[in-house]
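Residues per chain are reported as follows:
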Amino acid sequence: MKKYFMIVVCIVLAAVMALTFVSCEKEVVPRDVELVLINPNTGEPLEDGDTVIVPDERTVIDARALDKETGKVLTSEDLKFETIGRSLRVYLYPIILDGKLGATMTNYLWPTREEVDKIMSIYGSDEYEMMLSFDCRPDHAGEDFVRYYKRKTKYIRFRLIVSDEEEKV
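Residues numbered from 1 in each chain as written. Predicted model: local features only at pLDDT ≥ 70, side-chain atom pairs only at ≥ 80, totals over all residues. Heavy atoms only, no water.

Caption draft 1: Geometry of the sheet that holds strand β4 (residues 88-94). Ordered by their spatial adjacency, four strands build an open sheet running β2-β6-β5-β4, and the pairing between neighbours is mixed. Bordering the open sheet on either side are β2 (51-53) and β4, each of which pairs with just one other strand. Geometrically, the sheet is characterised by an average inter-axis angle of 35 degrees between neighbouring strands, direction not taken into account. Pairing geometry for β2 and strand β6 (residues 152-161), over three bridges, is parallel. Bridged to T51 within β6 is R159. (Pairing = 2+ DSSP bridges. Helix = DSSP H or I, 4+ residues; strand = E, 2+ residues; numbered from the N terminus. Axes fitted to C-alpha atoms, helices over the stretch in contact; angles between N-to-C directions.)

Structure representation (structure tokens):
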């Protein structure tokens, strides 16, 4: 009888432990990201204070989100619940002479020479600010959403000029 009782206790104990381990999911700690804006002329990361020559028309703004720990460029497969295109947003603002920002002017393309000339004539400045914003949380996230990467926003100020002749002046 004691033997039978011990077997039942061991089975119940094993079942309870198995249920405990199954119900304890590993908590995901969101990872840091680094946001990078790529200079359309050099292919190198753009830094505060850099000068960019207006690229060819219809040049797409190349912004990237990188896993800060590994340096890997994130893709939609890394995000699980959202695409990289919907998670990483770019906003370009001309800077008015007194340092204030003008209206948003980006449609994910670099401005054309004509647009830059027009902004220069209106605001008298060749300075711009690009805001990069990353958030991989979908608009309608359900209970099963897991945040694998932290939200991040980065601002980069730079000069946008029509030709390299202006840079030499």
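Caption draft 2: Just the pairing of strand β5 (residues 127-134), in detail. β5 sits mainly inside the fold: seven of its eight residues count as buried. Summarising the sheet, β4 and β5 pair through seven bridges and their orientation is antiparallel. Looking at β5, one finds that P94 is bridged to Y128. (Buried < 20%, exposed > 50% of the residue type's maximum accessible area, 1.4 Å probe, protein only.)

Caption draft 3: Fine view of the pattern of salt bridges. Taken as a whole and assessed by the stated rule, the structure comprises nine salt bridges. Two residues, D126 and R159, come together in a salt bridge whose shortest N-O distance is 2.8 Å. Of this pair, D126 sits in the loop between α4 (113-123) and β5 while R159 sits in strand β6; the two residues are 33 residues apart in sequence, bridging distant segments of the chain. As a salt-bridge pair, D135 and R147 come within 2.8 Å of each other at their nearest N and O atoms. Of the two residues, D135 is situated in the loop between β5 and β6 and R147 in the loop between β5 and β6; the sequence distance between them amounts to twelve residues. Residue classification places D135 among the partly exposed positions, given a relative accessible area of 25%. (Salt bridge = Lys/Arg side-chain N within 4 Å of Asp/Glu carboxyl O.)

Caption draft 4: Examining the side chain of S87 more closely. Inspection of the secondary structure assignment puts S87 in helix α3 (residues 84-87). Overall, S87 belongs to the buried group, its relative accessible area being 1%. For S87, the side chain forms a polar contact with the main-chain oxygen of T83, separated by 2.8 Å. Excluding residues that lie within four positions of it along the chain, S87 makes contacts with L79, E82, S133, F134, D135 and C136. (Polar contact = N/O pair within 3.5 Å; in protein donor to acceptor, adjacent residues only side chain to side chain. Contact = heavy atoms within 4.5 Å.)

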